[in-house]
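Here's the letter readout for the chains.
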Amino acid sequence: MRSRGSWKIRILIGLAIVAFAYFNKCSNTETNPYTGREQHITMNPEQEIAIGLQSAPEMAQQHGGLYPDERLQTFVDAVGNKLVQNSIARETPYQYDFHLLADDRTINAFALPGGQCFITYALFKQLNEAQLAGVMGHEIGHVIGRHSAERIAESQFWQQTMMGATVGAGDLGSVVGAIGQNTLLKNGRGDELESDDLGVLLMIQSGYDPNEMVEVMQILKSAAGPNRVPEFQSTHPDPENRIEKIKESIRKYQGR
Ligand SMILES: [Zn+2]
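Quantities reported herein were computed from a predicted structural model and do not represent experimental measurements.

Description of the overall build of the protein chain
Alright, step 1. Check the secondary structure of the protein chain and you find 10 helices and five strands.
Alright, step 2. For the protein chain, the residues scored as buried account for 48% of the 256 residues in total.
Alright, step 3. Across the protein chain, the fraction of contacts at a sequence separation of at least 24, relative to all contacts at a separation of at least 6, is 69%.
Alright, step 4. Put simply, the protein chain shows about 13000 Å² of open surface, and 55% of that area lies on carbon and sulfur atoms.

Looking at the confidence of the model for the protein chain
Alright, step 1. Taken as a whole, the protein chain shows an average pLDDT of 85; of its residues, 84% reach a score of 70 or greater.
Alright, step 2. Of all the helices and strands in the protein chain, helix 9 (residues 230-233) carries the lowest mean pLDDT, 60, while helix 3 (residues 70-85) carries the highest, 98.
Alright, step 3. Throughout residues 181-187 the model reports pLDDT below 50, and contacts reaching past four residues in sequence, or to other chains, amount to seven contacts.

Remarks on the side chain of His63
Alright, step 1. When you line up the elements, His63 lands in the loop between helix 2 (45-62) and helix 3.
Alright, step 2. If sequence neighbours within four positions are ignored, His63 has contacts with Leu101, Ala102, Asp103, Asn108, Phe110 and Thr120.

Considerations on the environment of Ala153
Alright, step 1. By secondary structure assignment, the location of Ala153 is in helix 6 (residues 147-168).
Alright, step 2. Residue classification places Ala153 among the buried positions, given a relative accessible area of 7%.
Alright, step 3. Ala153 sits 129 residues away from Asn24 along the chain, and the two C-alpha atoms are 10.0 Å apart.
Alright, step 4. When sequence neighbours within four positions are dropped, the list of residues in contact with Ala153 reads His40, Ile41 and Thr42.

Quick word on the pattern of salt bridges
If the charged atoms of two oppositely charged side chains come close together, the side chains can form a pair.
Alright, step 1. The final tally for this structure, using the stated rule, is nine salt bridges.
Alright, step 2. Glu194 is the partner of Arg37 in a salt bridge, and the nearest nitrogen-oxygen pair spans 2.6 Å. Of the two residues, Arg37 sits in the loop between strand 1 (29-31) and strand 2 (38-40) while Glu194 sits in helix 7 (residues 172-205), which places them 157 residues apart along the sequence.
Alright, step 3. You can call Glu194 buried: its relative accessible area is 14%.
Alright, step 4. The residue Arg242 makes a salt bridge to Asp196 at a minimum N-O spacing of 2.5 Å. Here Arg242 is found in helix 10 (residues 239-254), whereas its partner Asp196 is found in helix 7, with 46 residues between them in sequence. Judged on exposure class, the residue Arg242 and its partner Asp196 are both buried.
Alright, step 5. Shared partners join several salt bridges into a network, and the residues in it are Glu30, Glu48 and Arg146.

Side note on the pairing of strand 3 (residues 97-101)
Alright, step 1. The buried fraction of strand 3 amounts to four of the five residues, a majority that puts the element mostly inside the structure.
Alright, step 2. Sheet topology note: the strand 3/strand 5 (residues 116-120) ladder contains five bridges and is parallel. The partner of Asp97 across the bridge, within strand 5, is Gln116.

Some points on the pairing of strand 5
Alright, step 1. Across the five residues that make up strand 5, a large majority, five, are buried.
Alright, step 2. What you see with strand 5 is no split at all: Gln116, Phe118 and Thr120 on one side and Cys117 and Ile119 on the other are buried throughout.
Alright, step 3. Where strand 4 (residues 109-111) and strand 5 come together, three bridges link them in antiparallel fashion. Its bridge partner being in strand 5, Ala111 is matched across the sheet by Cys117.
Alright, step 4. Here strand 4 hands over to strand 5 after four residues, with Gly114 in that stretch at a positive phi of 90°.

Quick notes on the packing of helix 5 (residues 129-144) against helix 8 (residues 211-222)
Any two packed helices are characterised by how steeply their axes cross, that is the angle between the axes, and by the distance between the axes.
Alright, step 1. Axis separation between helix 5 and helix 8 bottoms out at 8 Å; the angle between their running directions is 85°. The orientation of helix 5 with respect to helix 8, classified from their angle, is roughly perpendicular. Facing Ala130, Gln131, Gly134, Val135 and His138 of helix 5, the residues of helix 8 in contact are Glu212, Met213, Glu215, Val216 and Ile219.
Alright, step 2. When grouped by side-chain class, the residues that make up the contact of helix 5 with helix 8 number five nonpolar, three polar and two charged.

Things to note about the nonpolar core
Alright, step 1. Counting 47 residues, the largest nonpolar core has Tyr96, Ile119 and Ile140 as its most contacted members.
Alright, step 2. The contacts of Ile119, once residues within four sequence positions are left out, are Val76, His99, Leu100, Leu101, Asn108, Ala109, Phe124, Leu127, Leu132, Val135 and Met136.
Alright, step 3. The next biggest cluster of nonpolar side chains, apart from the first, holds six residues, and it includes Ala60, Phe110, Leu112 and Phe118.

Rules used throughout
Residues numbered from 1 in each chain as written. Predicted model: local features only at pLDDT ≥ 70, side-chain atom pairs only at ≥ 80, totals over all residues. Heavy atoms only, no water. Helix = DSSP H or I, 4+ residues; strand = E, 2+ residues; numbered from the N terminus. Buried < 20%, exposed > 50% of the residue type's maximum accessible area, 1.4 Å probe, protein only. Contact = heavy atoms within 4.5 Å. Areas by Shrake-Rupley, 256 points an atom, 1.4 Å probe, with all protein chains shown as cover. pLDDT = per-residue confidence, 0-100. Salt bridge = Lys/Arg side-chain N within 4 Å of Asp/Glu carboxyl O. Pairing = 2+ DSSP bridges. Axes fitted to C-alpha atoms, helices over the stretch in contact; angles between N-to-C directions. Parallel < 35°, antiparallel > 145°, perpendicular 65-115°, else oblique. Nonpolar A, V, L, I, M, F, W, Y, C, P; charged D, E, K, R; others polar. Core = buried A, V, L, I, M, F, W, Y, C linked by side-chain atoms within 4.5 Å.

This is how it looks when you write it as C-alpha cells:
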C-alpha cells in the first residue's frame, strides 16, 4: 500500500519537474534581432561576454598560445574589425576580439560566446584576405547567432527534464537523454548553416567578394586526415549541400 502511494507521488514530482523545465524553456524564448530566429536563451549578452573572456586564455593555450608574429596578429585584427565595423555586427552588444593561434598543425577556427574569435596558423596560412574574412565572418556569425548560449540553455533544459524523468521512472531518464543528444547534434548543423549565411552577409557588407566563402569550403574539404577541421567539419552538413546554401545566400544578399 505504502509503496504504491510513493510511486504515485514520485510520478507527480517527476511530471512537475518536467513541466517546470518546459515552462522555463517557454518563458526564456526570445527572437534574435539579427537573425529573426526564435531561440531559448538563459543568459544575457554580458554573461556571454564574461564566459568568453574567461575561457579565452585556456582555449588559446590548447593551441600553443598566440602566434608570436605581431604583424600577422595585427592583420587578423584588422580583417576582423573591418567585418565588425561595416556590418550588422557593429549594432550587437558583443565585444569582438580576433586571435591568431600558434598551432600550425590543426586546421581550425572557432568562436566563444560574446565575441572571442580564433583561427589557427595552420588554417590562416592557406587563406587570402577575403577567405580569412569568410572564416572570421562565419565565426562572428556564431556569436551573433548566440549558438553557444543556445546550446547551454538546451542542455540545461535536458538536464532538468532528465531529472524529472529519473525521479518519475528511473529508466526513462536515459531515453530522454538520448533524445536530448540528437537534438543537440541537429541544432549543431543548423548553427553551421546560419553562420555561413551570416558570414556571407558580413563579407558583402564589408566589401569582400562572398564567392571566396565557397573557396574556403573547398580548402576545408581538401584538408583531410589528421588536419581535419573540428569546428567546421564535425557537426557540419555535407560540403556540397553547404556550398549550395552559401551560393543561395550570395544570391539572396546580392539581390538586395
Ligand atoms: Zn562554425
